[in-house]
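Structure at a glance
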Amino acid sequence: MKKFAIKLGAFCFPVLFIVISVNYWIDPANIFQNGKYEKGIVDFLCDSSNVTNIVNCDERLLQKFFIKCTSRQPDLLILGSSRSMLISSDLFTNQNIKNNSVSSASIEDDLAIYQLYQRQNMKPKVLLLCLDPWILNDNNGIYEWVSLIDDYISMLSIIKGNGYIHQPNKYFYTLKNNIYKYDELISFRYFQESISNLEIKRRITYYPTKNKENDTFTKLIDGSICYNQKERDASSFEIEKKAKDYISSDPKYQLDNFTGLSEKNKKILELFLKYLLSNHVKVIFFLSPYHPIVYDFFSKSKQYKIVLTTETFFKEIALKYKIRIIGSFDPHKFNLINS
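A brief look at the structure comes next. Please read these numbers as outputs of a predicted model, since none were measured by experiment.

Definitions and limits used
- Residues numbered from 1 in each chain as written.
- Predicted model: local features only at pLDDT ≥ 70, side-chain atom pairs only at ≥ 80, totals over all residues.
- Heavy atoms only, no water.
- Helix = DSSP H or I, 4+ residues; strand = E, 2+ residues; numbered from the N terminus.
- Buried < 20%, exposed > 50% of the residue type's maximum accessible area, 1.4 Å probe, protein only.
- Pairing = 2+ DSSP bridges.
- Contact = heavy atoms within 4.5 Å.
- Axes fitted to C-alpha atoms, helices over the stretch in contact; angles between N-to-C directions.
- Disulfide = S-S within 2.5 Å.
- Core = buried A, V, L, I, M, F, W, Y, C linked by side-chain atoms within 4.5 Å.
- Salt bridge = Lys/Arg side-chain N within 4 Å of Asp/Glu carboxyl O.

A short note on the environment of Asn94
- Of note, Asn94 is situated in the loop between strand E2 (76-79) and strand E3 (97-99).
- With relative accessibility at 78%, the residue Asn94 sits in the exposed group.
- When the C-alpha atoms of Asn94 and Asp75 are compared, they prove to be 9.5 Å apart, with 19 residues separating the residues in sequence.

Details of the sheet that holds strand E1 (residues 50-52)
- Strand order in the open sheet formed by four strands is E5-E1-E6-E7, with antiparallel pairing between adjacent strands. Edge positions in the open sheet fall to strand E5 (207-209) and strand E7 (225-226), since each of these has one partner strand only.
- Pairing geometry for E1 and E5, over three bridges, is antiparallel. Across the sheet, the residue bridging to Thr52 is Tyr207, located in E5.
- Most of the contacts of helix H2 (residues 36-45) go to E1, to which it runs at about 140°, and overall it touches E1, E5 and strand E6 (218-219).

Brief notes about the environment of Lys39
- With respect to the helices, strands and loops of the structure, Lys39 is situated in helix H2.
- Classification of Lys39 by relative accessible area gives partly exposed; the value is 37%.
- As for Lys39 and Leu61, which are separated by 22 residues in sequence, their C-alpha atoms are 8.4 Å apart.

Focus: unusual backbone geometry
- Looking along the chain, the bond that leaves Asp250 and enters Pro251 is cis, with omega of 0°.
- Residue placement: Pro251 occurs in the loop between helix H10 (236-248) and helix H11 (263-278).
- The residue Ser48 is not glycine, and still its phi comes out positive at about 65°.
- Here Ser48 is to be found in the loop between H2 and E1.

What to know about the state of the cysteines
- Under the defined criterion, the tally for this structure stands at one disulfide.
- Disulfide partner of Cys46: Cys69, at an S-S distance of 1.6 Å. Here the disulfide of Cys46 and Cys69 is left-handed, its torsion about the S-S bond being about -45°. You can see Cys46 sitting in the loop between H2 and E1 and its partner Cys69 sitting in the loop between helix H3 (59-68) and E2, a full 23 residues away along the chain.

A short note on the sheet that holds strand E8 (residues 282-287)
- In space, the five strands of this open sheet follow the order E3-E2-E4-E8-E9, with parallel pairing throughout. Every other strand in the sheet has two partners, leaving E3 and strand E9 (324-327) as the edge strands with one partner each. Direction aside, neighbouring strands of the sheet carry axes that sit 20° apart on average.
- Pairing geometry for E8 and E9, over four bridges, is parallel. Looking at E9, one finds that Leu287 is bridged to Gly327.
- In the packing of helix H4 (residues 107-119) onto the sheet, contacts are made with E2, E3 and strand E4 (126-130), and the angle to E2 comes to roughly 150°.
- Where helix H13 (residues 306-320) meets the sheet, it contacts E8 and E9, and its direction lies at approximately 160° from that of E8.

Describing the nonpolar core
- The biggest cluster of nonpolar side chains holds 58 residues, and the ones touching the most others in it are Leu111, Tyr114, Ile159, Phe285 and Phe314.
- Within the residue set of this core, elements represented by two or more residues are E2, H4, E4, helix H5 (149-160), H11, E8, helix H12 (292-300) and H13.
- In this view, Leu111 contacts Tyr152, Met155, Leu156, Ile159, Ile268 and Phe272; residues no more than four positions away in its chain are not counted.

Notes on the pattern of salt bridges
- Enumeration over the complete set of coordinates arrives at 14 salt bridges.
- For Asp109, the salt bridge goes to Arg60, with nearest N and O atoms at 2.8 Å. A residue pair is termed long-range when its members are at least 10 positions apart, and Asp109 in helix H4 and Arg60 in helix H3 qualify at 49 residues.
- Linked by salt bridges that have partners in common, Lys64, Arg119 and Asp151 make up one network.

If you want it as structure tokens, here you go:
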């Protein structure tokens, strides 16, 4: 038995060493780069160049570097998820626009990113806040915001005043984030992804460009994005298939176990709004419409009809604080169709 254990160890340890080495070196999701990947992107953005061929980055860390090199107070600041990332300077005239939206944005992201601007002694004239239903789901499973946990806790302390709001345990969430990272280090799934990305790693990764539309995913100098050509040129059939695939998938990311509106996050949102308005920041809500197939599914689904309830709450709080709303989750209000 002892000899077998020695032989097994002699086989396993070299294999594990190879897996760890490949995962760390190739690192397709750029987990172990300590911000080097994101800092390089921002260096180009701050040099007034768009950046294309970006693959997998910590978007929150990127915002931290991006805001730190921002020298002008934005006339319009956009906070939200990927559903607001396409709002760019092209839609406005003679205004300094900054789009700091991040994928799967949570209420924690919104507060943390706004606090990054305050650390720079800057506040926007107007804040366009993209509100997604999952920000009111206590079970949304979003932990990417932990990259900005210090900024979130700082902003939460500012807006809560004398009121009580449970603060997240920084050490718990940091440990949870680190466990995820080191799980990937020994993961055979990540090893397979690393091997498949070996050729990509050998080539040039991201690079600066003056073009806005490129073959690959592009980050623009105002912080907005332009999708790759394949996404931009998707056929009507492909778009409809994506919508149908989404409603047939289970669970639905961020909306799973959505049994009621989060009282904690409702309170945080309201305190945030009070703080912004008291500091003379004009706030506008943006509700990005869902695809008609997806919205109709939500409307008829007992489990996901709560998505529509979130819009009712957003309208109520907008009315209470006299905040303008642009858009709706309902695409039929604007005659939006698959194309």
